[in-house]
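Next come the chains, spelled out residue by residue.
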Amino acid sequence: QVQLVESGGGLVQPGGSLRLSCAASGMIFSIYAMGWYRQAPGKQRELVAAITRTGSTNYVDSVKGRFTVSRDNAKNTAYLQMSSLNVEDTAVYYCNADIVEISGQREMYWGQGTQVIVSS
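Figured I'd write up the structure that's included with this text. (Residues numbered from 1 in each chain as written. Predicted model: local features only at pLDDT ≥ 70, side-chain atom pairs only at ≥ 80, totals over all residues. Heavy atoms only, no water.)

## Here's the deal with the overall build of the protein
- If you tally the helices and strands in the protein, you get 0 helices and 11 strands.
- Against the 2.2 N^0.38 benchmark of 14 Å for 120 residues, the protein shows a C-alpha radius of gyration of 14 Å, consistent with a compact globule.
- Seen along its three principal axes, the alpha-carbon backbone of the protein occupies a region of about 50 × 25 × 25 Å.
- In the protein, which comprises 120 residues, the proportion classed as buried is 42%.
- Considering only residue pairs separated by 6 or more positions, the protein has 55% of its internal contacts joining residues 24 or more positions apart.
- Here the protein displays about 6300 Å² of accessible surface, and carbon together with sulfur accounts for 49% of that area.
- Here the protein carries 10 positive and 9 negative side-chain charges, and the mean point of each set is 4 Å from the other. (Helix = DSSP H or I, 4+ residues; strand = E, 2+ residues; numbered from the N terminus. Rg over C-alpha atoms; globule rule 2.2 N^0.38 Å. Buried < 20%, exposed > 50% of the residue type's maximum accessible area, 1.4 Å probe, protein only. Contact = heavy atoms within 4.5 Å. Areas by Shrake-Rupley, 256 points an atom, 1.4 Å probe, with all protein chains shown as cover. Lys, Arg positive; Asp, Glu negative; His and termini not counted. Charge placed at Lys NZ, Arg CZ, Asp CG, Glu CD.)

## Some points on the packing of aromatic side chains
- For the structure shown, the criterion picks out 1 aromatic pair.
- Its guanidinium or amino end placed over the ring of Tyr79, Arg19 lies 4.1 Å from that ring's centre, counting from NZ or CZ.
- Above the face of the Trp110 ring, Arg45 is positioned so that its terminal group lies 4.8 Å from the ring centre. (Phe/Tyr/Trp six-rings, centres within 6.5 Å; stacked < 30°, edge-to-face > 60°. Lys NZ or Arg CZ within 6 Å of the ring centre and 35° of its normal.)

## Some details on the environment of Gly8
- Among the structural elements, Gly8 can be located in the loop between strand E1 (2-7) and strand E2 (10-12).
- C-alpha separation for the pair Gly8 and Tyr79, spaced 71 residues apart in sequence, amounts to 9.6 Å.

Any functional reading would require information that these geometric values do not contain.
Okay, here's the thing in structure tokens:
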């Protein structure tokens, strides 16, 4: 079994920064792409940023220049550094990973989500 656990969310003032982490654990053989999604109240879940195993990244336009996605393959962990946060960034942030298990099974896994609130 595989688990993704996010951490690092919280309350931050506009203009502030937060760093989210997503740690994958379990019977993992390899992890392909990892992504960060967010869902604000009343809105659909959207892809915020993604990173391939080799480090290629992509971002939704609204966060370009403010957010940076990275990963540590040795630790099976992805990060989302968020800067210049504004109230529109308030949402539950979810981690997603394309994982091949030791059994050979390949599956997309989701974390439980971490709340980010940007408010003065």
